[in-house]
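Chain residues, written in single-letter form:
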Amino acid sequence: MCGRTACSLGADNLRRACAYRDRRGRHRQPDWIRGERYRPSYNKGPQSNGPVLLSRRPLQQDADSSERVLMDMRWGLVPSWFKKDDPSKMQFSTSNCRSDTMLKKSSYKGALLKGKRCVVLADGFYEWQQHSTGKQPYFIYFPQTKDAMTEEKKGNEEWRGWRLLTMAGIFDCWEPPAGGEMLYTYTIITVDASKHVSFIHHRQVRVDKGAAAWRGTILDGDEAIRKWLDFAEVPTQEAVKLIRPTENIVFHPVSTYVNSIRNDSPECIAPIELGAKQEVKATPSSKVMLGWLKTSQEGSPQRKENDLPRWTSQFIHSPSPKKTSAGILQQWLGKEGEPAVKKCKT
């Protein structure tokens, strides 16, 4: 299952990171719907709000189904048919939806057949490996290029920052029986874990961008995203073929600091070394992670202050609360070591 994610980009950069080409081949950025509600976070859990990408058509019937919008929704699907006045009274969890039962369970089947498909956006997600002494958290994300280390520019220039993880989801809209504001919620579809990460957890979140890579071709994933979102052109039975494991991910261990949902800072995703005597080697993804964390903490002009989560450093490896996560990493890494990042074999 996927029970915790991170999405730290500000609202404007999130739009840029989700740029796409419409049916006419024009370069577009999705518009925000209720974008003022979005709050970046390094530690999101079920029942919190998070950014999703969807077709504009469900919100505007005469819209082109290939047009995309961003929306801040609550994690944990509330079916439109739910009759009680309080969604918290639901007797079952809907934060995750198993792919092998999504067309059988009424909580998801109706919304899925109506084309309410979405893409859940995140820097990555967390999974915990069980040990005799406790649980070790890992951060799982897409492989990053060297471009992700460059300075993020303003405007409509091509996004070269962190490559977002894109997860297939289902959303629905619930209206309180007594009237009131409509509640938009979503669930993340899960599949059997790939052998690459199965030692961490039995089930793995479905990653759309990896659909092409799973077939052996490395693409930016926009074609898979297009097929999943454009329900008017791609019927349900065709779209569900995208739901399968991917090997196109990397991961690294992180501090148990992330275990508490109250902790919301870059320390949550910072790579750590397991075992004081373990030999670690430099890898491209670990270098990118280090550079990205450094950028996120240096107050780059592209990030508005209000877009960043407020936090106080409590990282287990930091003796001083004044040090940033990048500073902690630099001190720990020295000149030679890098946190070990696992990646799939090709």
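Criteria and thresholds
- Residues numbered from 1 in each chain as written.
- Predicted model: local features only at pLDDT ≥ 70, side-chain atom pairs only at ≥ 80, totals over all residues.
- Heavy atoms only, no water.
- Helix = DSSP H or I, 4+ residues; strand = E, 2+ residues; numbered from the N terminus.
- Buried < 20%, exposed > 50% of the residue type's maximum accessible area, 1.4 Å probe, protein only.
- Arc of directions from axis to C-beta.
- Contact = heavy atoms within 4.5 Å.
- Phe/Tyr/Trp six-rings, centres within 6.5 Å; stacked < 30°, edge-to-face > 60°.
- Salt bridge = Lys/Arg side-chain N within 4 Å of Asp/Glu carboxyl O.
- Pairing = 2+ DSSP bridges.
- Core = buried A, V, L, I, M, F, W, Y, C linked by side-chain atoms within 4.5 Å.
- Polar contact = N/O pair within 3.5 Å; in protein donor to acceptor, adjacent residues only side chain to side chain.

### Some details on the overall build of the protein chain
- Each helix and strand counted, the protein chain has 7 helices and 16 strands in total.
- A burial count over the protein chain gives 55% of its 346 residues as buried.

### A look at helix α2 (residues 106–113)
- Along α2, the residues that are buried comprise S107, Y108, A111 and L112. The arc that holds every buried residue of α2, seen down its axis, measures 100°, which confines them to one face.
- Buried residues along α2 sit in contact with β8 (96–98), β9 (117–122), β12 (165–174), β13 (183–192), α4 (222–229) and α5 (236–239).
- After α2 finishes, the residue G115 shows a positive phi value of roughly 80°.

### Looking at the packing of aromatic side chains
- For the coordinates displayed, the defined rule picks out 8 aromatic pairs.
- Judged by centre distance (6.3 Å) and plane angle (10°), the ring pair of W75 and Y186 falls under stacked. Of the two residues, W75 is situated in strand β7 (residues 68–75) and Y186 in strand β13; the sequence distance between them amounts to 111 residues. Comparing W75 with Y186 shows no difference in burial state: the two are buried.
- Ring geometry for F139 and Y141: centres 5.4 Å apart, planes at 25°, overall stacked. Each member of the pair, F139 as well as Y141, carries the same accessibility label: buried.
- Connected via pairs of aromatic rings, a cluster forms that spans Y126, W128, F139, Y141 and W162.

### Comments concerning α4
- Residues of α4 that are buried include every one of A224, I225, W228 and L229, and no others. The buried residues of α4 occupy an angular sector of 125° when the element is viewed end-on, so they sit on one face.

### Quick notes on unusual backbone geometry
- Of note, the phi angle at R34 is positive, near 60°, even though the residue is not glycine.
- If you trace the backbone, R34 turns up in the loop between β4 (31–33) and β5 (41–44).
- The phi angle at Q47 is positive, at roughly 80°, despite the residue not being glycine.

### Some points on the pattern of salt bridges
- As enumerated under the stated definition, the model contains 18 salt bridges in all.
- As a salt-bridge pair, D31 and R15 come within 3.8 Å of each other at their nearest N and O atoms. One end of the pair, D31, is in strand β4; the other, R15, is in helix α1 (residues 11–17), and 16 residues separate them in sequence.
- A salt bridge links R28 to D22, with the nearest nitrogen and oxygen atoms 3.1 Å apart.
- Residue classification places R28 among the partly exposed residues on the basis of a relative accessible area of 24%.
- Within this structure, R15, D22, R26, R28, D31, R56 and E67 form a network of salt bridges that share partners.

### Details of the pairing of β13
- Within β13, 8 of the 10 residues are buried, leaving the element largely enclosed by the surrounding structure.
- In terms of strand pairing, β7 meets β13 through 2 bridges, oriented parallel. Its bridge partner being in β13, W75 is matched across the sheet by Y186.
- Here β12 pairs with β13 via 6 bridges, running antiparallel. What sits directly across from F171, in β13, is Y186.

### Digging into the nonpolar core
- The biggest cluster of nonpolar side chains holds 33 residues, and the ones touching the most others in it are L14, L53, I170 and W228.
- Of all the secondary-structure elements, those providing two or more residues to this core are α1, α2, β9, β12, β13 and α4.
- The leading source of residues in this core is α4, at 4 residues.
- Core analysis: the next-biggest nonpolar cluster, separate from the first, contains 22 residues, V52, M73, Y184 and I249 among them.

### A closer look at the environment of K241
- With respect to the helices, strands and loops of the structure, K241 is situated in the loop between α5 and β15 (250–253).
- Note on K241: relative accessible area 55%, which makes it exposed.
- When the C-alpha atoms of K241 and W228 are compared, they prove to be 9.7 Å apart, with 13 residues separating the residues in sequence.

### Comments concerning the environment of Q136
- In this structure, Q136 sits in strand β11 (residues 134–141).
- Here Q136 falls in the buried class, since its relative accessible area comes to 12%.
- Through-space distance from the C-alpha of Q136 to that of L274 is 9.4 Å; in sequence the pair is 138 residues apart.
- Not counting residues within four places of it along the chain, the set of residues in contact with Q136 comprises E127, W128, Q129, H131, P253, V254, I272 and L274.
- A polar side-chain atom of Q136 sits 2.8 Å from the main-chain carbonyl oxygen of V254.

### Overview of the pairing of β11
- Of all the 8 residues making up β11, 6 are buried; the element is thus mostly covered by neighbouring parts of the structure.
- Relative to β11, strand β10 (residues 124–131) runs antiparallel, the two being bridged by 7 bridges. By the bridge assignment for β11, Y126 is matched with F139.
- Hairpin connection between β10 and β11: a loop of 2 residues separates the two successive antiparallel strands.
- Across 4 bridges, β11 lies against β15 in antiparallel orientation. Residue pairing for β15: Y141 is matched across the bridge by V250.

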